[in-house]
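Coordinates in review
Here is how the chains run, residue by residue.
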Amino acid sequence: MNTIEEELWNYIDGNCTPAGQDAIARLIEQDEAYNKKYQELMQLNLEFAAMELDEPSMAFTYNVMETIRTENARQPLKAAIDKRIIIGIAVFFIFTILALLVFAFANTHSQLSAFDVKVKLPAAIKLPNAANIFTSPVFKWFIMFDVVLALFLSDSYLRRKKPTKQA
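Described in the following lines is the structure provided in the data block.

About the thresholds
Residues numbered from 1 in each chain as written. Predicted model: local features only at pLDDT ≥ 70, side-chain atom pairs only at ≥ 80, totals over all residues. Heavy atoms only, no water. Helix = DSSP H or I, 4+ residues; strand = E, 2+ residues; numbered from the N terminus. Buried < 20%, exposed > 50% of the residue type's maximum accessible area, 1.4 Å probe, protein only. Areas by Shrake-Rupley, 256 points an atom, 1.4 Å probe, with all protein chains shown as cover. Core = buried A, V, L, I, M, F, W, Y, C linked by side-chain atoms within 4.5 Å. Salt bridge = Lys/Arg side-chain N within 4 Å of Asp/Glu carboxyl O. Axes fitted to C-alpha atoms, helices over the stretch in contact; angles between N-to-C directions. Parallel < 35°, antiparallel > 145°, perpendicular 65-115°, else oblique. Contact = heavy atoms within 4.5 Å. Nonpolar A, V, L, I, M, F, W, Y, C, P; charged D, E, K, R; others polar. Phe/Tyr/Trp six-rings, centres within 6.5 Å; stacked < 30°, edge-to-face > 60°. Lys NZ or Arg CZ within 6 Å of the ring centre and 35° of its normal. Arc of directions from axis to C-beta. Lys, Arg positive; Asp, Glu negative; His and termini not counted. Polar contact = N/O pair within 3.5 Å; in protein donor to acceptor, adjacent residues only side chain to side chain.

1. A word on the overall build of the protein chain
Looking only at helices and strands, the protein chain features seven helices and zero strands. Along the protein chain, helices and strands appear, N-terminal first, in the series α-α-α-α-α-α-α. The buried share of the protein chain, taken over its 167 residues, is 5%. Summed over all atoms, the accessible surface of the protein chain reaches about 15,700 Å², with 65% contributed by carbon and sulfur.

2. Observations regarding the nonpolar core
If you look at the biggest cluster of nonpolar residues, it comprises seven residues: L8, I12, I24, I28, Y34, Y38 and L41. Contributions of two or more residues to this core are made by α1 (4-13), α2 (18-30) and α3 (32-50). Among the elements that make up this core, the one with the highest residue count is α3 (three residues).

3. A few points about the pattern of salt bridges
For the structure shown, the criterion picks out four salt bridges. One salt bridge in this structure joins E5 and K37, with 3.3 Å as the shortest N-O distance. Here K37 lies in helix α3 and E5 lies in helix α1, a separation of 32 residues in the sequence. K37 sits in the partly exposed class, given a relative accessible area of 27%. Between R159 and D155 there is a salt bridge; the shortest N-O distance is 2.9 Å. In this pair, R159 and D155 both sit in helix α7 (residues 137-159), four residues apart, roughly one turn of the helix. What makes D155 partly exposed here is its relative accessible area of 36%.

4. Notes on the packing of α2 against α3
For the pair α2 and α3, the least separation of the axes is 5 Å and the interaxial angle reads 100°. As judged from the angle between their axes, α2 and α3 are roughly perpendicular. Listed contacts from α3 to L27, I28 and Q30 of α2 are E32, Y34, N35 and Y38. Each residue belonging to the contact of α2 with α3 can be placed in one class, and the counts come to four nonpolar, two polar and one charged.

5. Side note on the packing of aromatic side chains
For the structure on display, the rule yields two aromatic pairs. With centroids separated by 5.4 Å and ring planes inclined at 70°, the aromatic side chains of F92 and F93 adopt a geometry described as edge-to-face. You can call F92 partly exposed: its relative accessible area is 42%. R84 extends its terminal NZ or CZ atom over the ring of Y157, reaching a point 5.9 Å from the ring centre.

6. Quick notes on α1
Considered for burial, the residues of α1 that qualify are E7, L8 and I12. An end-on view of α1 places all buried positions within 135° of arc, on one side of the element. Elements in contact with the buried residues of α1: α2 and α3. Following α1 by one or two positions, G14 adopts a phi angle in the positive range, close to 80°.

7. A word on the side chain of E7
Mapped onto the fold, E7 is located in helix α1. There is no salt bridge for the buried E7, and the closest opposite charge comes from R26, which lies 12 Å off by N-O distance. In this structure the side chain of E7 is engaged in a polar contact, spanning 2.8 Å, whose partner is the side chain of Y34.

In structure tokens, the structure reads:
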């Protein structure tokens, strides 16, 4: 249900139906609470109508528009491509390709008997078996750690801010 104030504002603004306007007009004439509230709202409505709206000066509007124009002018129309990003991507792919080549050559077992070179090492020098190194889980975790570390370091390098040049 509408309150007295809402009904009176609708009556003053002309938002009521004709039957509602007649009912509220009778209530204003007969009920002292409606009449008192109606007088207060009419006085407030007159004060609102007498007020002038504040408008900003033309200089203010001009200054705001100039500020917006200069901010847009500072931004280039096309985003410049940062050379560090391209170099970082190139380095990443070069290292990836080199790692794959090393891994592929380490796992090839060719039958080139004509080029086999047998070197006799002294008994004191023992070389580890390289085939077991590249297949162990420890090596795989080591490579994973290196990749994550490389991504972290490249990210921190690319996020570094350039010092501003002062004239």
